[in-house]
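Here's the letter readout for the chains.
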Amino acid sequence: MHEKIVGVVYGMRHNLLEERQDHMATMKQVAEKAKVSTTTVSHVINNTRVVSEDARERVLSVIRDLRYIPSAVARSLKNDKTHTLGMIIPNNSNPYFAEIIQGIEAESFKLGYNIILCNSYDDPKKQAAYTRVLMEKRIDGLIIVSSGSDEELNQLLSDEGIPKVLVDREVPGLAADFIEADHEQGGYLATKYLIDLGHRNIACVSGPKTLLPSSDRVQGYWRALKEAGIALRDDFLAHSDFTSQGGFTAFQQLLALKQRPTAIFASNDLMAIGGLCAAHQTGVNIPEDLSVIGYDDIALASFTTPRLTTIAQPKYEIGVLTAQVMVKRILNAELPLCREMLETQLMIRQSTAPVKN
């Protein structure tokens, strides 16, 4: 009985494949219907040789009638270009990355390139695996928001034949174009604003210690405290991942201290939003009892209760610039390496207030 079921399923699948293949036009069918050679069809598609106007029109007409789709892989073997970019990000559930992707996709499309997007889920091993897959797809360039590095990834990225642009996070030892915002200055602006509101017990919820953007934002936090003559407290620095759950847990830890902070700088908006929830559950009113400032200015930051004060990164602009640098690198591998640092901006909303006297 089992063998009969398997046979029926295999037969159905085989028939579906045959039916699908029957409906997929081939270059040979286009040539036969247009009464030209397959070579002529290839020249029309790839614009590689002059073809008479009459023959060109016949070929194009048949292509439209048959809905023929040329093979991108076959064309790349001839032209050595697929007009496709690969992109690897750490976590597509983070709106920060989604807004960067919008800029990259829009500008890439304008420049004649498509995007293949892969999500590493903050796993360097998965990041390396996706890098290999994208290279096998014969992408013209690779855009990476790193999840860290390992030996396999470093070996793959050392391939000089693939143009690369790093966004937001550098990969140690890799010489590549690099686009980021000024994270140190952003951490400084956030903390200085809280100090200007009269706060002196200011805590920081940082991202993972291994990521440079996290440490840069903490450096900005420390710089502002030192300038104001405020002593650094180890118990006022909590590390977590860049998620709402991570922020929730870190805020719980800080709000359980005997001497609570009166203000908290969270290193991204998702952590700040998790922190708002933790404060509410603890009975801490925002901003009356606790001022909270985030980082990134994702769209959701304007719709929290209260609306979140934050440091805005120019996310869409980062995406547009990344695509432009990527395409320039593809067209001219000899250009000097590009390092661009964009400015951040303080966005004041309702989650911060002067300290209570």
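Above: the structure in question.
Residues numbered from 1 in each chain as written. Predicted model: local features only at pLDDT ≥ 70, side-chain atom pairs only at ≥ 80, totals over all residues. Heavy atoms only, no water.

Caption draft 1: Molecular detail of the layout of surface pockets. Taken as a whole, the second largest pocket encloses approximately 180 Å³ of empty space. Class assignment of the residues belonging to the lining of the second largest pocket gives a composition of four nonpolar, five polar and three charged. (1 Å grid on protein atoms, 1.4 Å probe; cavity = no way out; pocket = protein on both sides within 12 Å on 5 of 7 lines; lining within 4 Å. Points joined across faces, edges and corners; volume = space filled by probe spheres on them. Nonpolar A, V, L, I, M, F, W, Y, C, P; charged D, E, K, R; others polar.)

Caption draft 2: Molecular detail of the sheet that holds strand 7 (residues 237-239). Read across the sheet, six strands follow the order 7-6-8-9-10-12 without closing on themselves; strand pairing throughout is mixed. Each edge of the sheet is formed by a strand with only one pairing partner; in this case those strands are strand 7 and strand 12 (345-347). The sheet shows a mean angle of 20 degrees between the axes of neighbouring strands, direction not considered. Pairing geometry for strand 9 (residues 291-296) and strand 10 (residues 309-312), over four bridges, is parallel. Bridge pairing links D296 to A312 in strand 10. (Pairing = 2+ DSSP bridges. Helix = DSSP H or I, 4+ residues; strand = E, 2+ residues; numbered from the N terminus. Axes fitted to C-alpha atoms, helices over the stretch in contact; angles between N-to-C directions.)

Caption draft 3: A look at the pattern of salt bridges. Tallied over the entire structure, the rule returns twelve salt bridges. The salt bridge involving D168 is made with R169; its shortest N-O contact spans 3.6 Å. For the pair shown, D168 and R169 are each scored as buried. Residue D196 is joined to K192 by a salt bridge in which the shortest nitrogen-to-oxygen separation is 3.2 Å. (Salt bridge = Lys/Arg side-chain N within 4 Å of Asp/Glu carboxyl O. Buried < 20%, exposed > 50% of the residue type's maximum accessible area, 1.4 Å probe, protein only.)

Caption draft 4: How the structure looks around the environment of M341. Inspection of the secondary structure assignment puts M341 in strand 11 (residues 339-342). Relative accessible area serves as the criterion here: at 48%, M341 is assigned to the partly exposed category. Spatially, the C-alpha atom of M341 lies 5.0 Å from that of A181, the residues being 160 residues apart in sequence. For M341, the contacting residues outside a window of four places in its chain are E180, A181 and D182. (Contact = heavy atoms within 4.5 Å.)

Caption draft 5: Main features of the packing of aromatic side chains. Within this structure, the stated rule accounts for two aromatic pairs. Summarising the aromatic geometry, the rings of F265 and Y295 are spaced 6.4 Å apart at their centres and angled 50 degrees between planes, so their arrangement reads as tilted. Taken as a pair, F265 in strand 8 (residues 263-266) and Y295 in strand 9 lie far apart in primary sequence, 30 residues in all. In this pair, the class of F265 matches that of Y295, namely buried. R223 extends its terminal NZ or CZ atom over the ring of Y188, reaching a point 3.9 Å from the ring centre. Sitting over the ring of F236, R233 keeps its end group 3.8 Å from the ring centre. (Phe/Tyr/Trp six-rings, centres within 6.5 Å; stacked < 30°, edge-to-face > 60°. Lys NZ or Arg CZ within 6 Å of the ring centre and 35° of its normal.)

Caption draft 6: Just the nonpolar core, in detail. Grouped together as the largest cluster of nonpolar side chains are 69 residues, with contacts concentrated most on M87, I179, V205, F251, F265, L290 and V292. Per-element tally for this core: the top contributor is helix 12 (residues 269-282), with seven residues. I179 has contacts with V165, L166, V167, D168, I318, L321, T322, V325, C338, E340 and L342, leaving out every residue within four places of it along the chain. Residues I139, L142, L174 and A176 belong to the second largest nonpolar core, which totals 17 residues. (Core = buried A, V, L, I, M, F, W, Y, C linked by side-chain atoms within 4.5 Å.)

Caption draft 7: Here's a closer look at the sheet that holds strand 1 (residues 84-89). Taken in spatial order, the six strands make up an open sheet running 2-1-3-4-5-11, and their pairing is parallel. Whereas interior strands pair on both sides, the edge strands pair on one side only; in this sheet they are strand 2 (114-119) and strand 11. Taking the axes of each pair of neighbouring strands and ignoring which way they run, one obtains an average angle of 15 degrees across the sheet.

Caption draft 8: Main features of empty space enclosed by the protein. Under the counting rule described, the total for this entry stands at one cavity of 30 Å³ or more. Roughly 60 Å³ of volume is contained in the largest cavity. If you go around the largest cavity, the residues you meet are N94, Y96, F97, D168, R169, P213, R217, F242, N268 and D296. For the lining of the largest cavity, the secondary structure elements donating two or more residues are helix 6 (95-110) and helix 10 (212-227).

Caption draft 9: Examining unusual backbone geometry more closely. Of the consecutive residues I286 and P287, the connecting peptide bond is found in the cis state with omega at 5 degrees. Examined against the element boundaries, P287 turns out to sit in the loop between helix 12 and strand 9. Between T305 and the following residue, P306, the backbone shows a cis peptide bond with an omega angle of -5 degrees. Residue position: P306 is located in the loop between strand 9 and strand 10. The phi dihedral of H83 is positive, around 50 degrees, even though this residue is not glycine. A positive phi is found at R138, a non-glycine position, where the angle reads about 60 degrees. Tracing the sequence through the fold places R138 in the loop between helix 7 (124-136) and strand 3 (141-144). For R138, a relative accessible area of 32% corresponds to the partly exposed category.

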